[in-house]
Amino acid sequence: YEPDFVVETSHTIYMIEVKAERDIENADVLEKANAGKIFCDEATNFNLKNNGKRWKYVLIPHNVILLNMNLESLMDEYLFLGQNDGM
């Protein structure tokens, strides 16, 4: 498994997946997103014990990525909380 992007900022490491809007609710996509979130949670637990950064999983519909968007607003809006918690 290779995520579409891993982006590191001064405070956070983001694992970012971009999917077609029609596939965002697909069971396979959500299963992979849940696995990605678990990875990010475990990486965060390790990093925080070792003076590292938090990891966050972000699932973004392809059609919302526009030239006028910035990373922070996309991360805030599409942070994946888990299949049972919503997006």
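Residues numbered from 1 in each chain as written. Predicted model: local features only at pLDDT ≥ 70, side-chain atom pairs only at ≥ 80, totals over all residues. Heavy atoms only, no water.

*Asks:* Looking at this model, I keep getting lost on the pattern of salt bridges. Mind explaining?
*Replies:* Where charged atoms of side chains with opposite charge meet at close range, the side chains can pair. Within the structure shown, the criterion is met by three salt bridges. Its salt-bridge partner being Lys53, residue Glu8 comes within 2.7 Å of it at the nearest N-O pair. Remark: Lys53 occurs in the loop between helix H1 (27–49) and strand E3 (54–61) and Glu8 occurs in strand E1 (residues 5–8); sequence separation between them is 45 residues. Its relative accessible area of 55% is what places Glu8 among the exposed residues. With a shortest N-O distance of 3.6 Å, Glu17 and Lys19 are connected by a salt bridge. Comparing Glu17 with Lys19, the two get one shared label, buried. (Salt bridge = Lys/Arg side-chain N within 4 Å of Asp/Glu carboxyl O. Helix = DSSP H or I, 4+ residues; strand = E, 2+ residues; numbered from the N terminus. Buried < 20%, exposed > 50% of the residue type's maximum accessible area, 1.4 Å probe, protein only.)

*Asks:* Please clarify how the side chain of Thr12 should be interpreted in this entry.
*Replies:* Mapped onto the secondary structure, Thr12 falls in strand E2 (residues 12–19). Beyond its immediate chain neighbours, meaning those up to four positions away, Thr12 contacts Val7, Lys53, Arg54 and Lys56. (Contact = heavy atoms within 4.5 Å.)

*Asks:* I'm lost on helix H2 (residues 71–78) in this one. Help?
*Replies:* Because an α-helix completes one turn every 3.6 residues, residues spaced three or four positions apart along the sequence face the same direction. Every buried residue of H2 is accounted for by Leu74, Met75 and Tyr78. Take H2 and look down its axis: the buried residues cluster within an arc of 100°, on one side only. Along H2, the residues that are exposed and aim more than 90 degrees away from the buried face are Glu72, Asp76 and Glu77. In this structure, the buried residues of H2 make contact with E2 and E3. (Arc of directions from axis to C-beta.)

*Asks:* Which parts of the structure should I look at to understand the environment of Ala20?
*Replies:* Mapped onto the secondary structure, Ala20 falls in the loop between E2 and H1. Remark: the alpha-carbon pair of Ala20 and His62, spanning 42 residues in sequence, is separated by 5.1 Å.

*Asks:* Even after reading the chapter, I still don't get the environment of Thr12, so can you show me in this structure?
*Replies:* The class for Thr12 is buried, based on a relative accessible area of 9%. Sequence separation between Thr12 and Arg54 is 42 residues, and the spatial gap between their C-alpha atoms is 5.1 Å.

*Asks:* Teacher, can you tell me more about the pairing of E1 here?
*Replies:* Each regular strand displays side chains that alternate between the two surfaces of the sheet. The sheet contact formed by E1 and E2 spans four bridges and is antiparallel. Its bridge partner being in E2, Val6 is matched across the sheet by Met15. Between the antiparallel neighbours E1 and E2 lie three residues. (Pairing = 2+ DSSP bridges.)

*Asks:* Would you take a moment to explain unusual backbone geometry for this structure?
*Replies:* Comment: phi is negative for the bulk of residues other than glycine, and the bulk of peptide bonds are trans. Of note in the backbone geometry, Asn51 takes a positive phi value of approximately 60° without being a glycine. Within the secondary structure, Asn51 is located in the loop between H1 and E3. In this structure Asn51 comes out as exposed when scored by relative accessible area, which is 80%.

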